[in-house]
Amino acid sequence: VVTRRPRSVVARVGVQERWSAPLRIAVAASVIHGWIGSRLWVGPSEPGREAEAYWFTEGVTRHLARDLLTRYGLLSPAESAQEVEGLASVLATSPLSASPNSALAKLPRGALPLLIARGALYALRTDAVLRAKTGKKRSLENVLRDLYTRGPEGPG
């Protein structure tokens, strides 16, 4: 269990637990939540509809965590590929895979893995398209950084 605190991240880990790829991704995602899901929010702002943004707050965060850990050598290419394959298998095997995000958001938290997988895979694809179209000069990380900087100002 990984929990974000105001100035830290607390990970409650069992005695037999290894510093595995999923645990490293969970810790990194918790750190990234200091930006995504707080100041940078994409989704409805009405009370009770927060879950509709989980594809972004949880899924895009998961993609960024995996991507950053891989770039910094804290996740091997095989571990990174295993994470993406796991997300793709959630998407491929879920009986709810044809449901829109708004419908999934109304379900119990059991639909959360599907929303995370959708968001993470969407972010992976968007990042690849941005890198290809700009000759690797821009990425999803650049776009999110720009949005984060402009966040308080709004569109403009």
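Use the structure listed above.
Residues numbered from 1 in each chain as written. Predicted model: local features only at pLDDT ≥ 70, side-chain atom pairs only at ≥ 80, totals over all residues. Heavy atoms only, no water.

(A) Representation of the environment of Ala120 within the structure. The residue Ala120 is located in helix α5 (residues 112–133) in this model. Between the C-alpha atoms of Ala120 and Arg66, which are 54 residues apart in sequence, the distance is 9.4 Å. Beyond its immediate stretch of four places on either side in the chain, Ala120 contacts Gly59, Val60, Arg62, His63 and Leu87. (Helix = DSSP H or I, 4+ residues; strand = E, 2+ residues; numbered from the N terminus. Contact = heavy atoms within 4.5 Å.)

(B) Just the packing of aromatic side chains, in detail. For the structure shown, the criterion picks out two aromatic pairs. Look at Trp55 and Phe56: their rings are 5.6 Å apart centre to centre, the planes differ by 65°, and that puts the pair in the edge-to-face class. Ring geometry for Trp55 and Tyr122: centres 5.9 Å apart, planes at 85°, overall edge-to-face. Of this pair, Trp55 sits in helix α2 (residues 54–71) while Tyr122 sits in helix α5; the two residues are 67 residues apart in sequence, bridging distant segments of the chain. Taken together, Trp55, Phe56 and Tyr122 form an aromatic cluster joined through their ring pairs. (Phe/Tyr/Trp six-rings, centres within 6.5 Å; stacked < 30°, edge-to-face > 60°.)

(C) Inspection of the packing of α2 against helix α6 (residues 140–150) at higher detail. At a minimum axis distance of 11 Å, the contact between α2 and α6 shows a crossing angle of 125°. Between α2 and α6, the crossing angle belongs to the class labelled oblique. When the axes of α2 and α6 are compared, the crossing they make is left-handed. In this structure, α2 contributes Phe56, Val60, His63, Leu64, Leu68 and Arg71 to the contact, and α6 contributes Leu140, Glu141 and Leu144. Residues belonging to the contact of α2 with α6 are distributed by class as follows: six nonpolar, one polar and two charged. (Axes fitted to C-alpha atoms, helices over the stretch in contact; angles between N-to-C directions. Parallel < 35°, antiparallel > 145°, perpendicular 65-115°, else oblique. Left-handed = near helix turned anticlockwise from the far one by under 90°. Nonpolar A, V, L, I, M, F, W, Y, C, P; charged D, E, K, R; others polar.)

(D) Structural view of unusual backbone geometry. The phi angle at Lys136 is positive, at roughly 65°, despite the residue not being glycine. Assignment of secondary structure puts Lys136 in the loop between α5 and α6. Owing to a relative accessible area of 69%, Lys136 belongs among the exposed residues under this scheme. (Buried < 20%, exposed > 50% of the residue type's maximum accessible area, 1.4 Å probe, protein only.)

(E) How the structure looks around α6. Taken together, the buried positions of α6 are occupied by Leu140, Asn142 and Leu144. On its buried face, α6 sits against α2 and α5.

(F) Up close: the pattern of salt bridges. Within this structure, the stated rule accounts for seven salt bridges. The closest approach of N and O atoms between Arg62 and Glu83, which form a salt bridge, is 2.6 Å. In this pair, Arg62 sits in helix α2 while Glu83 sits in helix α3 (residues 77–93), placing the two residues 21 residues apart along the sequence. Residue class for Arg62 comes out partly exposed when judged on its relative accessible area of 22%. Here Arg131 makes a salt bridge to Asp127, at a shortest N to O gap of 2.9 Å. Of this pair, Arg131 and Asp127 both sit in helix α5, separated by four residues, roughly a single helical turn. The class of Arg131 is partly exposed, set by a relative accessible area of 27%. One connected set of salt bridges, linked through shared partners, spans Asp67, Arg71, Glu141 and Arg145. (Salt bridge = Lys/Arg side-chain N within 4 Å of Asp/Glu carboxyl O.)

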